[in-house]
Structure formats: C-alpha cells, structure tokens
4 protein chains.
Amino acid sequence: MPDTSFDHLWSAIGQQWPSYVAYVTSFWTIGGLWIVHHGIFRRMRNADYTVLLMNLVLLMVVAFLPFPTKLMADALYSTGEHAAVLFYGATLFVISMTVTAIGRYAAAHPELVPEGAARDEVRDIAAQTTPSLGFYGVVIALAFLAPKVAAFGYLAISIIAVLPRPTRFAPHRGGG
Amino acid sequence: MPDTSFDHLWSAIGQQWPSYVAYVTSFWTIGGLWIVHHGIFRRMRNADYTVLLMNLVLLMVVAFLPFPTKLMADALYSTGEHAAVLFYGATLFVISMTVTAIGRYAAAHPELVPEGAARDEVRDIAAQTTPSLGFYGVVIALAFLAPKVAAFGYLAISIIAVLPRPTRFAPHRGGG
Amino acid sequence: MPDTSFDHLWSAIGQQWPSYVAYVTSFWTIGGLWIVHHGIFRRMRNADYTVLLMNLVLLMVVAFLPFPTKLMADALYSTGEHAAVLFYGATLFVISMTVTAIGRYAAAHPELVPEGAARDEVRDIAAQTTPSLGFYGVVIALAFLAPKVAAFGYLAISIIAVLPRPTRFAPHRGGG
Amino acid sequence: MPDTSFDHLWSAIGQQWPSYVAYVTSFWTIGGLWIVHHGIFRRMRNADYTVLLMNLVLLMVVAFLPFPTKLMADALYSTGEHAAVLFYGATLFVISMTVTAIGRYAAAHPELVPEGAARDEVRDIAAQTTPSLGFYGVVIALAFLAPKVAAFGYLAISIIAVLPRPTRFAPHRGGG
C-alpha cells in the first residue's frame, strides 16, 4: 500500500531535519540549564534584588528563544543560514552566561548562601557551566564557515552539558 | 432560520472529526500517563541523575506531540495518511515506553524507593503500562493497512489505559 | 495628526468586538468556575479515581475551549453564526456541568469530604452553579433566533456566576 | 562567505526592532509588576472576594497583552501607529492601575494584612507604582504626536519601574 503520497509525506518528514535539530537543541539546552539553575537555587536561603533581576533577564531570553530557533530552522532549509545560525548561537550564549552569572553571584554572597559547604557547591556548579561558554565561542566562529556544522555543534554542547556531574545534582546535606 | 451558511458551518464542524480524534487521543494518552507518572513519583523519596534525564526526555517528546498530532489530523483529511499515522503512533509509543522505563528503573533502585511495599506498588504500576506497548505495536502495524482504523486504535488504547486500576491511584499507606 | 490610517486602525480595533466579547466570556467563565473548583477541592481530604477522571475531562474541554471561542468570534464577523454560537454554548455548558458534577459527587462521598460541615458547604457551592446550567439552556435555544444576542447572553452568565456568594469563597474553619 | 542572502537576513533581523522593543517592553512591564504583586501578596494573610476578582481582572488583561503588543509591533513597521501605540499604552495603564488598586485595597483592610508593619509596607509598595500611572498619562499623550518616541517611552517606564527599591523586595520580618 505504500504509495506516492506515502513516500511524499515520509520524505517531507525526513527533510524537516533542521526543525528537529533546532527543537532538540533548544529543549536540551534549556533542560540542562534548568538542572543547573535548580542546583543553584535550592542552595540559596535568601534572594536579593540583583538575583531577581538576573532571573527576569534569564526568563525573558528563554521566552524569546523559540524565535531564533524557528529562524535558524527555516534558514537551514533555504538561505541566509550564516546570520540565523549566528543569531541563534548568540542567544544560547546569553542564556548560558546569565545562568553562570547567577551562580557566581550567589557563590560570592554569603548572605544568599550562608553555609560554607553549600557555597562551595554553588561555585562548583557555576564552574561546570563555564566550558560551555568557550564552546559557544568556537561554534559561533564556525558558523561563518560551515553553518550546518555549527547547528550540530550547538546540539553537541547541549548534550555535553548534561553529562552526569555528581556535584550539580547531589542533594547537599544541609537541606534540599 | 437554519440557512445554507448554518448548514455549511455545521457540516464543516462535523468534517473536522480527524482533528477531534487526534486531539482527544493525545490529551487522553498524556492524561493517563500523567496519572501513572504521578503514581510513580509520589512513591519515590529521592531522584538520581538518570531519573532526571529520563524525565527530560519524556518532557521533550510530550512537548513535541502536538506536531505529529496535527500532522495526522491534516493527513486524515487528505493524503499521506500512512506515514502520518505511523509517525504519530511511534511518538505515542516512545512516550509510553519512557514512562514505563522510569517506573521499572525506580522499582529496581531501593535508594530511590526505600520502602519495600512502595517499591512493589511502583513495579505493579509499571507492569500495568506494559500492555499498551504491545497494543501500540499491533496498531502501528495496522497503520500500513488501514490508517483510519489505526487512528481509532490509538484512541482505544488511551481509553483502556485509564480504566480504573486500584494500585496505581491508591494512596499507599507510607505517605502521599 | 489623526489621519486616515489612524482612523482605519482605530475602527479596525472597534470592529473586532466579537473577538473581545468571545475572549472576555471564555476567560470570565473559566475564572468563575476556577473559584468554584478551588472551593470544592480545598474542602476535599482525599480524591478517588472517579474525581481524577472527571478532572481530566474538565481539563480536556477547558483546553479545547479556545477553538469554539475563535470559531464563534470569526462567525460573528461573517456567516454561519448560528452553528458557531450553539457549538460555543454547548462547550460552556459541558464545562459548567462537569464542575457541578464534581461538586455533587464530592458532597455525596464522605470518604472524600469527611467533615460534615465542609460537605454541606461543598453541596452549597455545587448548588450555586446549577442555575447557570439552566441559563445556558435558555441562551443556547436563543442562539437559533438571535445568535448575536446569545453571544452577549453567555457573557451575562459568566458575570452573574461570579457575583459574590459568601459560602463559595469563605475559608471554612476546618482548614484552608 | 558573507553573501547577499546573509546581508539580507541580517538586515531583516535588524529591521524587526519594533517587535523587539514591543516584546521587551511587555515582558519587562509584567516582570516588574510581578515583583510588586508578589511583594503585596506575601504580606497578606487572607484574601477576600474583592481581591480575588481584581486578581482575575488583572490576569485577564495580562493574558490579553500579547494582542496589543503584536498590533503595535506591526503598526510601527507600517501605518496606523498612532492608534496602535495608544491602545498598547492604555492596556499597560490598566494593568498597572489594577496592581496599584490591589495594593491600596490590601493596605486599607486590616483583615487582609493584620500586622501593622506589613500594612505600612504594602502601602509603600503601592505608592511606588503610582508614578508609573502618571508617566503612562504623559507617554500616551505623546503617542498622538510621536508614536515611535512613545513606544520607547513605555520601555523607559518599564525599566524605571524595576530600579531597586528596598521596601518592595525586602522580606519583612513577620514572615516570608
């Protein structure tokens, strides 16, 4: 029974790989950073206005992410992919940087994380997201030369970022 | 007063049955699995990184579901329905399988579900979702022969899956 | 400075009254029923599988509501408004009926609401939503004769439904 | 490798500034008011039916905001911008006014905020949002003369509104 229309839809689904790559990358990047974010915030006992504003900025850029995601997916089918892949990568970079900044800020302020051991863990968690920032720099540069490769580079960064790291997730003894 | 435009819209509403079937199936499948998921997680006392990642995968595929739902609904009106019904069924299968995998993993790890009785219940709950996996196999095969019948098959699976089963829902004595 | 394009957009905003009426009606109906729903559930100490399934049905129809809302709004601009206004009213009726059914079921099952006083309050709350069901019957019948009037009838029902009623909201002494 | 299609998409991204301005303004206005709203509600010990209804109105207008946001963004590209910028400003004004009204109402009702010190803080918080109402009046008037300037005026109000103010955020001693 597989007929022409069958083949047609099937190959149409297959040709949509840029949408799948873009969707999975965005989802997985946010998922990984959500684990990091959660790891930071459950060690905080208080928040100050700076943390609140950084959190609002983070939420705003995350809520904006579907726009460059769709832009890149559309561009990978057709033209203008250099700009779209750059723009998408820059958005991911800003999101990662904001999460890292919140972690570093929290680790540096004992009034937010009073316990010394928890503060060390927050510092560790923030340190674990720093390599991603460097990787984004490399992949964004690559977007000028090979935008399709760069799109898979963002996906690779999102997968590497969730490789198990004990500290980030381990419930620290002081609470949970 | 019922005039031609009335009849027109009325029959237009009626002709949208593929959208209704697809929407109800997706909603009811997720609703049933949410009960299962909730039944598993409230018996867990701790989570580990593997559970967290399986949960992220689940969330990603659930968030993706509206896409194959719409694809199947559109295809049932017109052409290419074989591929669309297959693709939709495969997505439902992956979702069910992920929930089952989380349940089996939790039942096998005493550090996640320390209480023996609760662990037995989690094993029961996970066992109750296993038949659905077989049903999906049958209905997906049917999609090659009779895609419209298969679409109703997915609906039937979603309804069978929420037929009352005491264990899954019963608040176990150890907590709630 | 008000020029033609200004007048144009201004009158375009004005001509969108069906969208505003439909949006406000849907929002306000759900808002009012959410208060009722919350009033019922915070008096419940346990839930059973029937309540869970009724709740899933409620969630499904509420999630579906934007579709008939848009259908009615579009039809009020053009043609086919009889069918669209009927269909919209039927959806609101099913939502109201489901909330009422949950309340009646809870009031009739002491294992769900063990306290007698709380059970009386749940019965009161469910009784307060019953008139809406009759109003919907009248307005849906009116949709055959005067669909535009019926559209405002649904809005009136949604506003009447949130007129202050002490029981529904009052935190009952047994908890909160 | 930067070619014409690259320049094209890049300048297309740049030309979308009205969308970015509108999106950031809406997000930041809601973010700032959410902080105010949260500051009011965590000092309240009870809610009454009036607060509940004001909250529903607030939620309705906030849920409606994406519509005038898109309307203004589209109009800034083309024509009819006077009406769209006015309409958008009026929506922001209603949202700010509702939050302020909730704060004033709570500060005036000891049964909602029993503690005197917390009541003074709620009064302070509500007083801090009052200048925004005046600013909106000025910028909405400006929309008749220079709609593009007014669009940036709304953005300025949203930024000024989140400038650190100790009272609003400080966890008051009585609880949290």
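Residues numbered from 1 in each chain as written. Chains lettered and ligands numbered in written order. Predicted model: local features only at pLDDT ≥ 70, side-chain atom pairs only at ≥ 80, totals over all residues.

Undergrad: Let's hear about the overall build of chain A: which residues, and what values?
TA: Tallying secondary structure elements over chain A gives eight helices and zero strands in all. The order of α-helices and β-strands along chain A, N terminus first, is α-α-α-α-α-α-α-α. Looking at chain A as a whole, 37% of its 176 residues qualify as buried. Counting only contacts in chain A whose residues sit at least 6 apart along the sequence, the fraction spanning at least 24 positions is 78%. (Helix = DSSP H or I, 4+ residues; strand = E, 2+ residues; numbered from the N terminus. Buried ≥ 20, exposed ≤ 12 C-beta atoms within 10 Å, placed from the backbone. Contact = placed C-beta atoms within 7 Å.)

Undergrad: Can you break down the confidence of the model for chain A residue by residue, with the values?
TA: Per-residue pLDDT for chain A has a mean of 87; in total, 88% of the residues score no lower than 70. Counted against residues more than four places away or in other chains, residues 172-176 of chain A, with its pLDDT under 50, gives nine contacts. (pLDDT = per-residue confidence, 0-100.)

Undergrad: Mind laying out helix α6 (residues 116-145) of chain A, listing which residues take part and the relevant values?
TA: Note: α-helices contain 3.6 residues per turn, so residues at a spacing of three or four share the same orientation. With 30 residues, α6(A) should reach 44 Å at 1.5 Å per residue; the first-to-last C-alpha distance of 46 Å fits that figure. Turning to α6(A), its buried residues are A:Ala118, A:Glu121, A:Val122, A:Ile125, A:Ala126, A:Thr129, A:Ser132, A:Tyr136, A:Val139, A:Ile140 and A:Ala143. (Expected span 1.5 Å × (residues − 1).)

Undergrad: Describe in detail helix α2 (residues 17-41) of chain A, supporting the description with residues and values.
TA: Its 25 residues place the ends of α2(A) 36 Å apart at the C-alpha level, agreeing with the 36 Å of an ideal helix rising 1.5 Å per residue. Buried within α2(A) we find A:Ala22, A:Thr25, A:Ser26, A:Phe27, A:Trp28, A:Thr29, A:Gly32, A:Leu33, A:Val36, A:His37, A:Gly39 and A:Ile40.

Undergrad: Which residues make up the environment of C:Ala83, and what are the values?
TA: Residue and element names in this part refer to chain C. Residue placement: Ala 83 occurs in helix α5 (residues 81-107). Here Ala 83 falls in the buried class, since 25 other C-beta atoms lie within 10 Å of it. Taking C-alpha positions, Ala 83 is 8.9 Å from Pro 147, a pair spaced 64 residues apart along the chain.

Undergrad: Got a sec to walk through the packing of helix α5 (residues 81-107) of chain A against α6(A)? Specific residues and values, please.
TA: Residues and elements named next belong to chain A. Contact geometry for α5 and α6: axes closest at 8 Å, N-to-C directions at 165 degrees. Taken as axis vectors, α5 and α6 run roughly antiparallel relative to one another. Relative to α6, the crossing made by α5 is left-handed. Counted by class, the contact of α5 with α6 contains 18 nonpolar, eight polar and three charged residues. (Axes fitted to C-alpha atoms, helices over the stretch in contact; angles between N-to-C directions. Parallel < 35°, antiparallel > 145°, perpendicular 65-115°, else oblique. Left-handed = near helix turned anticlockwise from the far one by under 90°. Nonpolar A, V, L, I, M, F, W, Y, C, P; charged D, E, K, R; others polar.)

Undergrad: Now, about the environment of B:Thr100: what can you tell me, with residues and values included?
TA: Relative to the helices and strands, B:Thr100 resides in helix α5 (residues 81-107). Here B:Thr100 is in contact with B:Ala126, B:Thr129, B:Thr130 and B:Leu133, once residues within four sequence places are set aside.

Undergrad: Account for the packing of helix α2 (residues 17-41) of chain D against helix α7 (residues 147-161) of chain D, naming residues and giving values.
TA: Residues and elements named next belong to chain D. Running from amino to carboxyl end, α2 crosses α7 at an angle of 30 degrees, the nearest separation of the two axes being 9 Å. Considered as vectors, α2 and α7 are oriented roughly parallel to each other. With respect to the hand of their crossing, α2 and α7 are arranged in left-handed fashion. Packed against α2, whose contacting residues are Val 21, Val 24, Thr 25, Trp 28, Thr 29 and Gly 32, the element α7 presents Ala 151, Phe 152, Tyr 154, Leu 155, Ser 158, Ile 159 and Ala 161 at the interface. Taken together, the residues of the contact of α2 with α7 break down into nine nonpolar, four polar and no charged.

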